[in-house]
Amino acid sequence: MSDTPPEVSRRHRIEHAALRAVTGLVRRLPQSFATALGHGIGWVAYRVDARHRAITLDNLAATFPERSLQERTRIAREVFAHFGRKLVELLWFTGLPRERQLALVEFVGAEHIEAAQKAGKGALIVTGHFGFWELHALAHGLRLGPMAVVARALDNPLLDRLLVDLRSSTGNIVIDRKGGLRRIMRALNANQAVAVLIDQHILTADAVKVDFLGRPAATTSAVAVLAMRTGAAVIPAFSLPLNDGRYRLIYEKPLALPSEEHPDAVRDLTQRCTKVLEKYVRAHPERWLWMHRRWRQDVETTDSPSLAVDDAPGEADSWARRPGSWCAGRTGSAIS
């Protein structure tokens, strides 16, 4: 990684000042008002962002051809509303005292994390751009101890610093995906949990093609390779809103690691991780990021490993990191 600090432009400063002002406002609101504001931002984005609205509808049509256009359009609107809510509620949640934060979350399956820690080999928490993954990581740090969150830095260094501060506010550490492999290995060797998102199209040579929602999707093999190298437990994790304003944070049972003799062990484990994510996306399609081209066939892979050196950003990364994006707080990340 270069030690040269990224250039800070006038636009970066304006964006940073605007987000700080919005954060200050949101943290003064009751939760119901913050939720409504987030939904409103998402609904506006659905109307004005024609490009990502079209991508969302195309992806939904390919995945759910049996559903009517009216039903798919309803889901698309709810997707945008959800991501507006996710952004605003993240800002709201991080301004609460820790006791209040813990009172707002319900843990299901936390014993799987505790068992992995007792085994002493760390845990790889796998998830996707689904539900409230950023908030999940924060609550995990409070209840189950600090975790490492793998994330790509934002283009705006001021916003990136603010986001890192939010992500680490409950004790977690943030590992830059660029050149992050060694830090991930150190965290696992120290018996820590490391969270990785697995649902972006990637352009690197270590990608494997697995089935996701009925179509082949280029997917990182990093989780499978790290698990087989270290013996770390692979635990899928997801977060869903409850009707009373709280959040349910779910840890699935660890996935069994394939034997060393398995002829295609890396692909097998990557596929099984992806199938767990697919189960949640099919059950709650309005909670997943349909706004990027997950099933791209128009690019060639590069020679570089995705975590050892920097790799070209996927569509979801470039959208979320675009200056002024309504969801600029999201990045290709871990539960992050």
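Per chain, residue numbering runs from 1 following the sequence as it is written. A pLDDT threshold of at least 70 governs which residues receive local features in this predicted model, and a stricter bar of 80 or more applies before side-chain atom pairs are shown or counted, although totals over entire chains, interfaces and linings include all residues. For side-chain calculations, the full set of non-hydrogen atoms in the structure is used, while hydrogens and water are omitted.

**What about the side chain of Asn172?**
Segments assigned H or I by DSSP are reported as helices when at least four residues long, segments assigned E as strands when at least two residues long, and all are numbered from the N terminus. Take Asn172: it is sitting in the loop between α8 (157–167) and β4 (173–176). Contacts are residue-level and defined by heavy atoms, with any inter-residue pair within 4.5 Å sufficient. Other than its neighbours up to four places away in sequence, Asn172 contacts Ala137, Leu138, Gly141, Gly145, Pro146, Met147, Val149 and Arg167.

**A few points about the pairing of strand β6 (residues 207–212)**
Each regular strand displays side chains that alternate between the two surfaces of the sheet. To sort residues, take the accessible area from a 1.4 Å probe on protein chains only and compare it with the maximum for the residue type: under 20% means buried, over 50% means exposed, and anything in between is partly exposed. The alternating pattern of β6 places Val208, Val210 and Phe212 on a buried face, while none of Ala207, Lys209 and Asp211, on the opposite face, is buried. Note that β6 and strand β7 (residues 215–220) share 6 bridges and pair antiparallel. By the bridge assignment, Lys209 is partnered in β7 with Ala218. Where β6 folds back onto β7 in an antiparallel hairpin, the turn is made up of 2 residues, including Leu213, whose phi is positive at roughly 55°. Strand pairing requires that DSSP identify at least two bridges connecting the strands.

**As for the environment of Thr23**
For Thr23, the location among the structural elements is in helix α1 (residues 10–26). The spacing of Thr23 and Trp92 is 69 residues in sequence and 7.3 Å in space, taken between C-alpha atoms. Each polar contact in these results corresponds to two N or O atoms within 3.5 Å; when the atoms are within protein, one needs to be able to donate a hydrogen and the other to accept it, and residues that are neighboring in sequence are counted only if both atoms are side-chain atoms. Polar side-chain contacts of Thr23 include one of 2.8 Å to the backbone oxygen of Leu19.

**Overview of the nonpolar core**
Nonpolar core, defined: a set of buried Ala, Val, Leu, Ile, Met, Phe, Trp, Tyr and Cys residues in which side-chain atoms within 4.5 Å join the residues together. Counting 48 residues, the largest nonpolar core has Val194 and Trp290 as the members making the most contacts within it. If one sorts the elements of this core by residue count, helix α11 (residues 265–283) sits on top with 6 residues. Ala34, Leu104, Phe107 and Tyr251 belong to the second largest nonpolar core, which has 34 residues in total.

**Description of the side chain of Thr170**
Counting through the fold element by element, Thr170 comes out in the loop between α8 and β4. Thr170 sits in the buried class, given a relative accessible area of 4%. Among the polar contacts made by the side chain of Thr170, one reaches the main-chain carbonyl oxygen of Leu138 at a distance of 2.9 Å. Setting aside residues no more than four positions away along its own chain, Thr170 makes contact with Arg98, Gln101, Ala137, Leu138, Gly141 and Leu142.

**Re the confidence of the model for the protein chain**
In low-pLDDT segments, the atomic positions of the prediction should not be examined closely. Summary statistics for the protein chain give a mean pLDDT of 87 and a share of 87% for residues scoring 70 or more. What pLDDT reports is the predictor's confidence in each residue, on a scale of 0 through 100. Between residues 308–336, whose pLDDT stays under 50, and residues either more than four places distant or in other chains, the model counts 119 contacts.

**A closer look at unusual backbone geometry**
One non-glycine residue, Asn191, adopts positive backbone phi at about 65°. Structurally, Asn191 can be placed in the loop between α9 (181–189) and β5 (193–197). Given a relative accessible area of 23%, Asn191 falls into the partly exposed group. The backbone phi angle of Leu213 is positive, close to 55°, even though this residue is not glycine. Locating Leu213 in the fold gives a position in the loop between β6 and β7.

**Observations concerning α8**
The element α8 is extensively covered by neighbouring structure, given that 8 of its 11 residues are classed as buried. For α8, the set of buried residues is Pro157, Leu159, Asp160, Leu162, Leu163, Val164, Leu166 and Arg167. Elements in contact with the buried residues of α8: α1, α4 (69–93), α7 (133–143), β3 (147–151) and β4. With a side-chain oxygen positioned 2.9 Å from the backbone nitrogen of Leu158, the residue opening α8 is Asn156.

**Describing the packing of aromatic side chains**
Whether two aromatic rings pair depends on their centres lying within 6.5 Å, for rings of Phe, Tyr and Trp, where Trp uses its six-membered ring; planes under 30 degrees apart make the pair stacked, over 60 edge-to-face, and the rest tilted. Tallied over the entire structure, the rule returns 13 aromatic pairs. Relative to Phe80, the ring of Tyr46 has its centre 5.5 Å away and its plane inclined at 75°; by these criteria the two rings are edge-to-face. With Tyr46 in helix α2 (residues 31–48) and Phe80 in helix α4, this residue pair connects regions lying 34 residues apart in the sequence. By relative accessible area, which is 10% here, Tyr46 ends up buried. With a centroid separation of 6.5 Å and 5° between ring planes, the pair formed by Phe107 and Tyr251 is classed as stacked. Taken as a pair, Phe107 in strand β1 (residues 105–108) and Tyr251 in strand β9 (residues 247–251) lie far apart in primary sequence, 144 residues in all. This pair shows no difference in class: Phe107 is buried, exactly as Tyr251 is. Each member of the aromatic cluster is reached from another via a ring pair, and the members are Phe64, Phe212, Trp288, Trp290 and Trp295. Charge-over-ring placement is defined geometrically: NZ (Lys) or CZ (Arg) within 6 Å of the ring centre, and within 35 degrees of the ring normal. Over the face of the ring belonging to Tyr46 we find Arg53, whose NZ or CZ atom lies 5.6 Å from the ring centre.

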